[in-house]
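Geometric and topological summary
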Amino acid sequence: MTTGIVVTRKPSFSKDLAERLAGLGVATVHEAMGRSGLMRPYLRPIYAGARIAGPAVTILAQPGDNWMLHVAVEQCSPGDVVVLACTTENNDGMFGDLLATSMKARGVAGLIIDAGCRDTDTLQGMGFPVWSKAIHARGTVKATLGSVNVPIICAGTLVHPGDAIVADDDGVVVVPNRAVERAVSLGEERVRLEEAKRARLAAGELGLDIYNMRPKLEAMGLRYVESLDEVDPA
Ligand SMILES: O=C([O-])CC(=O)C(=O)O
Ligand SMILES: [Mg+2]
């Protein structure tokens, strides 16, 4: 992976699309995209209830070194989501409330970091959401170059600068920039279908009937018995 590079332009998409992606949430966007794009589940929000979406500013950082976070802040625009991957595994507390204050001043929506985060109570108080691999107080240095706005692999998923990042309590999903509009329209269609199903389920109808599952279950040999005595031990 390339180090020592800052790419100063990246693709983007409208605030309206970002807000609609955030409203849809991670599970719906993931399903709408053919069950793709999820980051690994070890990335967890540092506090519950945050829900964001926006174009990625990517960072490739060296383990134990948060220099590139400072470099990246200058490249951020309002609504961006900063996504950091390390060149190798690291849990150090690379990010805290000072960097969050700086990012917030530029309108950054939140941070996804495949490493550690600290100052979490202050971050929660200031409403700056972070999805991290670890919460860890261990400090970091500013000594080695990484890169900003290059393709990275964060928590197992490829992220290009300008891709859409959606994050909520369920995790983090990535949508390629060129697929953002399609993800929104497919996701909104999915929500409409789910609303109809939710109303029927709330009224007491069974999924077995709504989804016409009984014939297939019967064909596969599912049997209903009143007692296990009716069933051959074999
Ligand atoms: O300063 C650091 O290295 C990280 C941190 O705790 C902060 O940004 O507040
Ligand atoms: Mg701090």
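Residues numbered from 1 in each chain as written. Chains lettered and ligands numbered in written order. Predicted model: local features only at pLDDT ≥ 70, side-chain atom pairs only at ≥ 80, totals over all residues. Heavy atoms only, no water.

1. Side note on the UniProt feature "binding site: Mg(2+)" (unreviewed entry) in the chain
Cut-off, in case you're wondering: UniProt positions are given in the numbering used here, feature names are shortened, and annotations may be inferred rather than shown by experiment. Here a residue-residue contact requires only that any non-hydrogen atoms of the pair lie within 4.5 Å.
Here the UniProt feature "binding site: Mg(2+)" (unreviewed entry) sits at Asp119. Excluding residues within four positions of it along the chain, Asp119 makes contact with Gly96 and Asp97.

2. What about the domain arrangement of the chain?
How big an interface is tends to be stated in terms of the accessible area lost upon association of its parts. The line we're drawing: For the domains described, the bounds stem from an automatic or database domain assignment.
Looking at the assigned domains, one finds that the chain contains domain 1 (5-179) and domain 2 (188-225). Here the C-alpha centre of domain 2 lies 37 Å away from the C-alpha centre of domain 1.

3. Things to note about the pairing of strand β7 (residues 130-135)
The criterion, for reference: Strand pairing requires that DSSP identify at least two bridges connecting the strands. Only DSSP runs of H or I with at least four residues qualify as helices, and only runs of E with at least two residues qualify as strands; both kinds are numbered from the N terminus onward. We call a crossover right-handed when, viewed with both strands directed away from the observer, the connection leading from the first strand over the helix to the second proceeds clockwise.
Sheet analysis places strand β2 (residues 44-45) next to β7, joined by two bridges and oriented antiparallel. Bridging from a neighbouring strand, Arg44 pairs with Ser132 of β7. In this structure, strand β6 (residues 110-117) lies alongside β7, joined through five bridges in parallel fashion. Of the residues in β7, the one forming a bridge with Cys117 is Ile135. In this fold, β6 hands off to helix α5 (residues 120-126), which returns the chain to β7; that crossover is right-handed.

4. A short note on the pattern of salt bridges
Condition: Throughout this description, the term salt bridge denotes a Lys or Arg side-chain nitrogen within 4 Å of a carboxyl oxygen of Asp or Glu.
Applying the stated criterion across every chain yields a total of 13 salt bridges. Note that Lys15 is salt-bridged to Glu19, the shortest N-O span being 3.3 Å. On the criterion of helical spacing, the pair formed by Lys15 and Glu19 is a turn pair, its members being four residues apart in helix α1 (residues 15-24). Here the salt bridges do not stand alone but share partners, grouping Glu31, Arg35, Arg190, Glu194 and Arg198 into one network.

5. As for the site of ligand 1
Put simply, the rule is: A cutoff of 4 Å decides nearness: a residue is near a molecule or strand if any of its heavy atoms lies inside that distance of it. Counted as a polar contact is a pair of N or O atoms within 3.5 Å, where, for protein atoms, one must be capable of donating a hydrogen and the other of accepting one, and residues adjacent in sequence contribute only when both atoms are in side chains. Gly counts as polar in this scheme, as do all residues outside two lists: the nonpolar Ala, Val, Leu, Ile, Met, Phe, Trp, Tyr, Cys and Pro, and the charged Asp, Glu, Lys and Arg.
The environment of ligand 1 is made up of Asn66, Met94, Gly96, Asp97, Leu98, Leu99, Arg118, Asp119 and Lys142. Gly96 is positioned with one of its backbone polar atoms (N or O) 3.2 Å from an oxygen atom of ligand 1. Examining the composition of the shell around ligand 1, we find that three residues originate from one element, helix α4 (residues 97-105), more than from any other. Of the residues contributing to the shell around ligand 1, the split by class is three nonpolar, two polar and four charged.

6. A look at α4
We count it as follows: Throughout, exposure labels follow a simple rule: accessible area from a 1.4 Å probe, protein chains only, divided by the maximum for the residue type, with under 20% read as buried, over 50% as exposed, and the rest as partly exposed. The reported arc concerns the directions from the helix axis to the C-beta atoms and nothing else.
Taken together, the buried positions of α4 are Leu99, Ala100 and Met103. Buried positions in α4, seen along its axis, are confined to an arc of 100° and lie on one side of it. Away from its buried face, by an angle of more than 90 degrees, α4 presents the exposed residues Leu98 and Ala105. The secondary structure elements touched by the buried residues of α4 are α3 (67-73), β4 (81-86), β5 (93-95) and α5. Count one or two residues on from α4 and you reach Gly107, which has phi positive near 85°.

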